[in-house]
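Structure at a glance
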Amino acid sequence: MRKLSLVTAVLAALVLNVNAQQLSLDAMIDRDIATWLTTYRNLHAAPELSHREEKTSVFVAGELRKLGFTVTERIGKFPNPQWSGYGLVAVLKNGPGPTVLVRTELDALPVEEKTGLPYSSQVKTKNDAGVEVSVMHACGHDLHMTSFLGTATMLTALKDRWSGTLMLVGQPSEETGDGASAMLRDDLYTKFPKPDFAIALHDKPELETGKVGYTPGYAMASSTSIDIKIRGIGGHGSAPEVTKDPVVVAAQVVMALQTIVSRENSPLDPAVVTVGSIHGGTRYNIIPDEVNLQLTVRTYKEEVRRRMLASIERIVKGVAATAGIPEDRAPTVKVAEGAGALYNDPKLVERVAGAFRQALGDENVVQVPPIMASEDFGEFSLDHKIPATMFWLGASDPAKLKASRESGVPLPGLHSALFAPVPESTLRTGVKAMTSAVLELMKK
Ligand SMILES: [Zn+2]
Ligand SMILES: [Zn+2]
């Protein structure tokens with residue numbers, strides 16, 4: 001009997017303690033939410049393109065310094081010497097324990113905002129080609145940065161509840177898929193502690209604000225960009241017999257490439273080959289010298305990716321040879337750098353989802369299916385060696401989402417000029433979820 005009441009008392013104390021922690025986190029969020037909304041609107045109105053996140057990076061670094069983090073800026077080496085690495089790392093050492101990496105992206109997209117919101121972006125800039133483009137945080141990286149700063153504030157205030165090293169990473173150039181690798185190439189894991197866990201969040205317009213989503217295992221695909229140049233022998237449009245027409249070869253290549261997924265790949269290994277761009281020729285009656293194609297390839301498994309790249313090369317060269325294009329004019333296939341797949345460590349997902357359920361309630365934590373879109377956050381896991389997970393942060397008004405599901409008309413998604421997440425409850429949930437996840441991984 002005594003034992004039982006002791007157990008009851010301990011349980012009651014635990015519950016009280018959990019409630020007290022929860023209450024204080026909510027109270028702290030209430031205290032700070034107005035500041036975060038201002039930060040969010042300011043970031044939203046001042047987006048910067050990938051490889052150019054200079055002011056954004058300085059702002060985030062400054063905020064983290066104010067909180068007492070040791071901040072290092074300008075991390076990241078790109079193969080293109082014209083691009084600077086605007087990555088930053090903020091470290092807070094707080095006793096023995098694991099090192100946890102929390103990542104936010106810093107960049108925005110060349111999209112002209114059409115939301116009509118009072119804090120809409122009016123920013124225009126020149127892109128790498130010297131063409132003027134509008135810029136917008138159309139992927140919600142402004143929400144991510146604000147949640148990240150809010151999480152940093154919470155964890156600094158709650159230092160007595162965790163032990164270990166907190167490593168906050170502001171990553172540039174996520175949209176171009178080369179920012180994480182640029183930071184790793186700049187010796188991220190030797191200049192700074194190598195993390196035991198890596199975690200990030202991404203907003204999701206298909207999920208209600210207030211909810212978070214998790215996906216164990218492969219969650220997002222690898223992305224590989226490929227440039228193909230099909231060279232022929234040009235001439236007059238009326239005399240095909242003295243030419244080798246690269247337009248016809250390109251057309252056959254586009255169709256033949258579709259057999260890779262349908263005939264060469266296991267149906268159990270998801271894969272996509274998309275020809276997103278095809279350009280050749282100048283007018284009606286000229287057979288051009290060349291046609292250029294741009295492809296994206298998506299897979300989960302690395303061995304599937306490698307096999308598909310080999311198949312693409314074989315098919316392109318084979319079709320050209322069949323058309324009689326001479327060896328010295330054989331097509332060229334250039335593989336550009338891409339992002340690796342995102343694999344959410346199932347054990348880590350289980351721990352983090354448990355923390356979410358406690359913080360947000362079971363009904364607000366849902367499992368969501370994987371997608372073939374890409375993210376370079378997975379690079380921080382060094383090919384599954386470091387347990388990593390990225391979770392989804394619901395960002396849409398539940399009533400609008402319900403109406404959209406009923407009508408079948410989707411809400412404006414990520415990268416849309418009309419993308420307009422609900423800021424307040426999304427930020428509250430983002431901060432609460434990320435803070436709870438880190439506290440779970442670093443609890444005393
Ligand atoms: Zn994006
Ligand atoms: Zn994004």
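Going by the structure above, here's the rest.
What counts, and at which threshold
- Residues numbered from 1 in each chain as written.
- Chains lettered and ligands numbered in written order.
- Predicted model: local features only at pLDDT ≥ 70, side-chain atom pairs only at ≥ 80, totals over all residues.
- Heavy atoms only, no water.
- Donors = N, O, S within 2.8 Å, 3.2 Å for Na, K, Ca; no water.
- Tetrahedral: all angles 85-135°; square planar, octahedral: opposite > 155°, others 65-115°.
- Helix = DSSP H or I, 4+ residues; strand = E, 2+ residues; numbered from the N terminus.
- Buried < 20%, exposed > 50% of the residue type's maximum accessible area, 1.4 Å probe, protein only.
- Axes fitted to C-alpha atoms, helices over the stretch in contact; angles between N-to-C directions.
- Left-handed = near helix turned anticlockwise from the far one by under 90°.
- Contact = heavy atoms within 4.5 Å.
- Pairing = 2+ DSSP bridges.

**Comments concerning the coordination of the zinc ion (ligand 1)**
The protein atoms that coordinate the zinc ion (ligand 1) are Cys139 (SG), Glu175 (OE), Glu175 (OE) and His415 (NE2), at distances spanning 2.0 to 2.5 Å. With four donor atoms in place around the zinc ion (ligand 1) and angles of 55 to 148° between them, the coordination shape is irregular. Each donor residue of the zinc ion (ligand 1) belongs to the same chain, with the gaps between them written as C-x35-E-x239-H. The zinc ion (ligand 2) is placed at 3.2 Å from the zinc ion (ligand 1), the two being bridged by Cys139. Taken together, the positions of Cys139 in the loop between strand S5 (132-134) and helix H3 (141-157) and His415 in the loop between helix H9 (398-407) and helix H10 (423-442) put the pair 276 residues apart, joining distant regions of the chain.

**A word on the coordination of the zinc ion (ligand 2)**
Each pair of donors in an ideal four-coordinate tetrahedral metal site encloses 109.5 degrees, whereas pairs in an ideal six-coordinate octahedral site enclose 90 or 180 degrees. Protein coordination of the zinc ion (ligand 2) is provided by Cys139 (SG), His141 (NE2) and His202 (NE2), with donor distances spanning 2.1 to 2.3 Å. The sequence motif formed by the donor residues of the zinc ion (ligand 2) is C-x1-H-x60-H. For His202, a relative accessible area of 3% gives the class buried.

**Some remarks on the packing of helix H6 (residues 246-264) against helix H7 (residues 302-322)**
Think of two packed helices as two axes; the pair is described by the angle between the axes and how far apart they sit. Relative to each other, H6 and H7 sit at 145°, their axes nearing to 9 Å. Here H6 and H7 pass one another in a crossing that is right-handed. Here Val249, Gln252, Val253, Ala256, Leu257, Thr259, Ile260, Val261 and Glu264 of H6 lie close against H7, whose contacting residues are Met308, Ser311, Ile312, Arg314, Ile315, Val316, Val319 and Ala320.

**Focus on the sheet that holds strand S10 (residues 222-231)**
Across the sheet, which stays open at both edges, the four strands sit in the order S12-S14-S10-S15 with antiparallel pairing between neighbours. Either end of the sheet is taken by a strand with one partner, and the two such strands are strand S12 (271-280) and strand S15 (332-335). Across the sheet, the axes of successive neighbouring strands diverge by a mean angle of 20°, strand direction being ignored. Sheet topology places S10 next to strand S14 (residues 290-299); 10 bridges connect them, and they run antiparallel. Its bridge partner being in S14, Asp227 is matched across the sheet by Gln294. Those strands touched by H6 are S10, S12 and S14, and its axis lies near 170° from that of S12.

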